Amino acid sequence: MGVGIGLLVLGMTGVGWGAMFLFNLRGAADKAAARRNAVRAVTAARTMDLGLTEPSRFGPWFFRLVGGMTLPGGLLLGFVGLVLAFAE
């Protein structure tokens, strides 16, 4: 039962995270892409690698894609957790 509840909680967390990125709630995908480019700029300054100064090719669409894969996976994991929690 404990494992089922744990999987249910983990699945619902995945659903929330996936929905946040898939539907770009509060600009989550845009912020993640901007954060990725900022990290690349800092890394370029630290390592003196000029190839990292260019913006990443992975824009907000990449994070929306990852959210689109995480949302159904979280639903599936939550369903498995629900079944395990109530199975006796």
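The structure we're discussing is the one just above.
These notes cover the structure that comes with them. Note that the structure is a prediction, hence the values are computed from the model and not measured. (Residues numbered from 1 in each chain as written. Predicted model: local features only at pLDDT ≥ 70, side-chain atom pairs only at ≥ 80, totals over all residues. Heavy atoms only, no water.)

1. Considerations on the side chain of serine 56
Item 1. Within the secondary structure, serine 56 is located in the loop between helix H2 (28–47) and helix H3 (60–86).
Item 2. The contact partners of serine 56, leaving out residues within four places of it in the chain, are Arg36, Asn37 and Arg40. (Helix = DSSP H or I, 4+ residues; strand = E, 2+ residues; numbered from the N terminus. Contact = heavy atoms within 4.5 Å.)

2. Side note on the nonpolar core
Item 1. Of all hydrophobic cores here, the largest spans six residues; its members are Phe21, Ala28, Ala29, Ala32, Ala33 and Phe63.
Item 2. Broken down by element, the residue count for this core peaks at four residues, all from H2. (Core = buried A, V, L, I, M, F, W, Y, C linked by side-chain atoms within 4.5 Å. Buried < 20%, exposed > 50% of the residue type's maximum accessible area, 1.4 Å probe, protein only.)

3. Thoughts on a nonpolar patch on the surface
Item 1. A cluster of nonpolar side chains, contributed by Val3, Leu76, Phe79, Val80, Leu82, Val83, Leu84 and Phe86, occupies part of the molecular surface with about 790 Å² of accessible area.
Item 2. With seven residues, the single largest contributor to the nonpolar patch is H3.
Item 3. One can find phenylalanine 79 in helix H3.
Item 4. Owing to a relative accessible area of 52%, phenylalanine 79 belongs among the exposed residues under this scheme. (Patch = residues over 30% accessible without salt bridge, like charges linked within 9 Å, V, L, I, M, F, W, Y side chains within 5 Å. Areas by Shrake-Rupley, 256 points an atom, 1.4 Å probe, with all protein chains shown as cover. Salt bridge = Lys/Arg side-chain N within 4 Å of Asp/Glu carboxyl O.)

No statement about biological role is implied by the geometric values presented.
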